[in-house]
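Listed below are the residues making up each chain.
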Amino acid sequence: MKRVFFLILTALAFVVPVGGQSIEEVNFEELSPLLRQNNDTTYVVNFWATWCKPCVEEMPHFLELASELKDEKVKFIFVSLDFPTQKESRLLPFIEKYEMDERVILLNDPNSNEWIEKVSPDWSGAIPATLVYRKESSSFHESSLSKEELLTIIKSMTL
Amino acid sequence: MKKLMMSLAVVFFAVAATGQGYAPGDEARDFRLKNVDDGLVSLADYPDAKGFIVIFTTNHCPYAVAYEDRIIALDKKFKEMGYPVVAINPNDPEAYPADSFENMKVRAEEKGFTFPYLFDETQEVAKTYGATRTPHVYLVNKEAGKLIVRYIGAIDDNYQDASAVKEKYVAGAIASLEAGEPVYPKETKAIGCSIKWK
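All figures in this text were calculated on a predicted structure; none of them were measured in a lab. (Residues numbered from 1 in each chain as written. Chains lettered and ligands numbered in written order. Predicted model: local features only at pLDDT ≥ 70, side-chain atom pairs only at ≥ 80, totals over all residues. Heavy atoms only, no water.)

Chemist: Can you break down the overall build of chain B residue by residue, with the values?
Modeler: Along the backbone of chain B there are 5 helices and 9 strands. Counted from the first residue to the last, chain B has its helices and strands arranged as α-β-β-β-α-β-α-β-α-β-β-β-α-β. Counting across all 198 residues of chain B, residues that qualify as buried make up 52%. Excluding contacts between residues fewer than 6 apart, the proportion of contacts in chain B whose partners are at least 24 apart in sequence is 73%. Carbon and sulfur atoms form 55% of the exposed surface of chain B, whose accessible area is close to 9,100 Å². (Helix = DSSP H or I, 4+ residues; strand = E, 2+ residues; numbered from the N terminus. Buried < 20%, exposed > 50% of the residue type's maximum accessible area, 1.4 Å probe, protein only. Contact = heavy atoms within 4.5 Å. Areas by Shrake-Rupley, 256 points an atom, 1.4 Å probe, with all protein chains shown as cover.)

Chemist: Before we move on, can you summarise the sheet that holds strand β9 (residues 192-194) of chain B with the specific residues and values?
Modeler: Pairing within the open sheet is mixed, and its 3 strands lie in the order β5(A)-β9(B)-β6(B). The sheet is open, and its two edges are formed by β5 (126-127) of chain A together with β6 (133-134) of chain B, each paired on a single side. (Pairing = 2+ DSSP bridges.)

Chemist: Give me the lowdown on the sheet that holds strand β7 (residues 137-141) of chain A, citing residues and values where you can.
Modeler: Residue and element names in this part refer to chain A. The sheet built from 6 strands is open, its strands ordered β1-β4-β3-β2-β6-β7 with mixed pairing. Strands at the two margins of the open sheet, each flanked by one partner only, are β1 (24-26) and β7. Averaged over all neighbouring strand pairs, the angle between strand axes comes to 20 degrees, with direction disregarded. Here strand β2 (residues 42-48) pairs with strand β3 (residues 74-80) via 7 bridges, running parallel. Within β3, the residue paired with Asn46 across the bridge is Phe78. (Axes fitted to C-alpha atoms, helices over the stretch in contact; angles between N-to-C directions.)

Chemist: Tell me about the pairing of strand β6 (residues 129-134) of chain A, residues and numbers included.
Modeler: All names here are of chain A. Of all 6 residues in β6, 5 are buried, a share of seventy percent or more. Pairing of β2 with β6 involves 5 bridges; the strand directions are antiparallel. Its bridge partner lying in β6, Val45 is registered against Leu131.

Chemist: Describe the environment of Leu33(B), naming the residues involved and giving the relevant values.
Modeler: Residue and element names in this part refer to chain B. Looking at the secondary structure, you find Leu33 in strand β1 (residues 33-35). Exposure remark for Leu33: the relative accessible area of 9% places this residue in the buried category. Counting along the chain gives 86 residues from Leu33 to Phe119, while the straight-line C-alpha distance between them is 6.2 Å. Residues within four places of Leu33 in sequence aside, it is in contact with Gly39, Leu40, Val41, Ile88, Leu118, Phe119, Asp120 and Val125.

Chemist: Would you mind going over the state of the cysteines in detail, with residue names and values included?
Modeler: Enumeration over the complete set of coordinates arrives at 2 disulfides over all chains. Here Cys52(A) is linked by a disulfide to Cys55(A), with a sulfur-sulfur distance of 2.1 Å. The disulfide joining Cys52(A) to Cys55(A) has a torsion of about 75 degrees about its S-S bond and is therefore right-handed. Note on cysteine connectivity: Cys61(B) is disulfide-linked to Cys193(B), with sulfurs 2.0 Å apart. (Disulfide = S-S within 2.5 Å.)

Chemist: Please set out the nonpolar core residue by residue, giving values where relevant.
Modeler: The nonpolar side chains of a soluble globular protein tend to be buried, and buried together. With 90 residues, the main nonpolar core has Leu31(A), Phe47(A), Phe76(A), Trp123(A) and Ile53(B) as its most contacted residues. Excluding anything up to four places from it in sequence, Leu31(A) contacts Val26(A), Phe47(A), Val79(A), Ile105(A) and Leu107(A). Counting 23 residues, the second-largest nonpolar core is a separate cluster that includes Ile88(B), Leu118(B), Ile152(B) and Ile195(B). (Core = buried A, V, L, I, M, F, W, Y, C linked by side-chain atoms within 4.5 Å.)

Chemist: Would you mind going over the packing of aromatic side chains in detail, with residue names and values included?
Modeler: Counting across every chain of the model gives 23 aromatic pairs over all chains. Judged by centre distance (5.4 Å) and plane angle (50 degrees), the ring pair of Phe83(A) and Tyr63(B) falls under tilted. Note that Phe83(A) is positioned in the loop between β3 and α4 (87-97) and Tyr63(B) in helix α2 (residues 62-80), a pairing that runs across two chains. Taking the relative accessible area as the measure of exposure, Phe83(A) reaches 11% and is therefore buried. Residue class for Tyr63(B) comes out buried when judged on its relative accessible area of 1%. Connected via pairs of aromatic rings, a cluster forms that spans Phe28(A), Phe47(A), Trp115(A), Trp123(A) and Phe140(A). Here the basic side chain of Lys34(B) rests over the ring of Phe101(B), its NZ or CZ set 4.2 Å away from the ring centre. (Phe/Tyr/Trp six-rings, centres within 6.5 Å; stacked < 30°, edge-to-face > 60°. Lys NZ or Arg CZ within 6 Å of the ring centre and 35° of its normal.)

Chemist: So what's going on with helix α3 (residues 101-111) of chain B? Residues and values would help.
Modeler: Because each turn of an α-helix spans 3.6 residues, side chains separated by three or four positions end up pointing in the same direction. All names here are of chain B. All of the buried residues along α3 are Phe101, Met104 and Ala108. An end-on view of α3 places all buried positions within 45 degrees of arc, on one side of the element. Exposed side chains of α3 directed beyond 90 degrees from the buried face belong to Glu109 and Glu110. Buried residues belonging to α3 abut β1, β4 (85-89) and β5 (117-119). Among the residues trailing α3, Gly112 stands out with phi positive, at a value near 65 degrees. (Arc of directions from axis to C-beta.)

So this is what it looks like as structure tokens:
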């Protein structure tokens, strides 16, 4: 009986997503409105993937700042470039492990030549890459950022 | 002062990320790098080649891995036409042990690479060319004894699925060279793993 119960649990584990989480999967056209919201909030849009080592290394800086600035008009959007086939096996467990309750979106749009330029003409396509914007002001960085660097960039949006 | 240091740091990162590098039409430099067979390879070793598909790639990067079979196919198809593939790993193995010279040998053997897989240990070639990510392709054409960069960018327009590719950028650029037409495309962008500089 115990064994049957265990089997059922195992079966359930494959059916139910990790921690009951789900994640929004979009193409670039669906993502783009989030890159130009015109209000008095500063948006930090980080392009990353679980397989990208420097992205994973800088993630704690972003999450710490997100938590410290949660009462400010600053919003974080994490755009994952993980392979859609690895959503369940890699992305969801990562989100759970890092307690990323900030907004994570999976960008599934393989023809990246069509949209990299639209995020920023300064972007070659390497990740991590971060776009910080508020209204018409924006700042794009194709590099890892320290917590201090990111904070300086966010502050510069409201100067 | 601290703020100034910070601004300098930000500027430094920006420069390191974009670098200078080549644009289509620039003359490319030859190099002499260690191959996985322990020999040294330079473009001058191929007097009969019409040009080269120089690809900066790595072992560890999932985007590069997704393209491995397509890189082998490119070499098989275009070597006969005079444009062999020359692959170069520019990554810092301290940061990515998977990209060490020893592991390059293992990968080349496992996948049966039909082309040289060179180690850019000092990262000078990648910096000179302006590679920022892997995979990053430079199609170089021999013109009047010079090596001229004719295309920079991705292999095709779908890293996820070779069978869903609509446009083969490298093949297209070579076809226009062969036809004596203006090269199209000249430059494309693609998501890739950033090269870890020493």
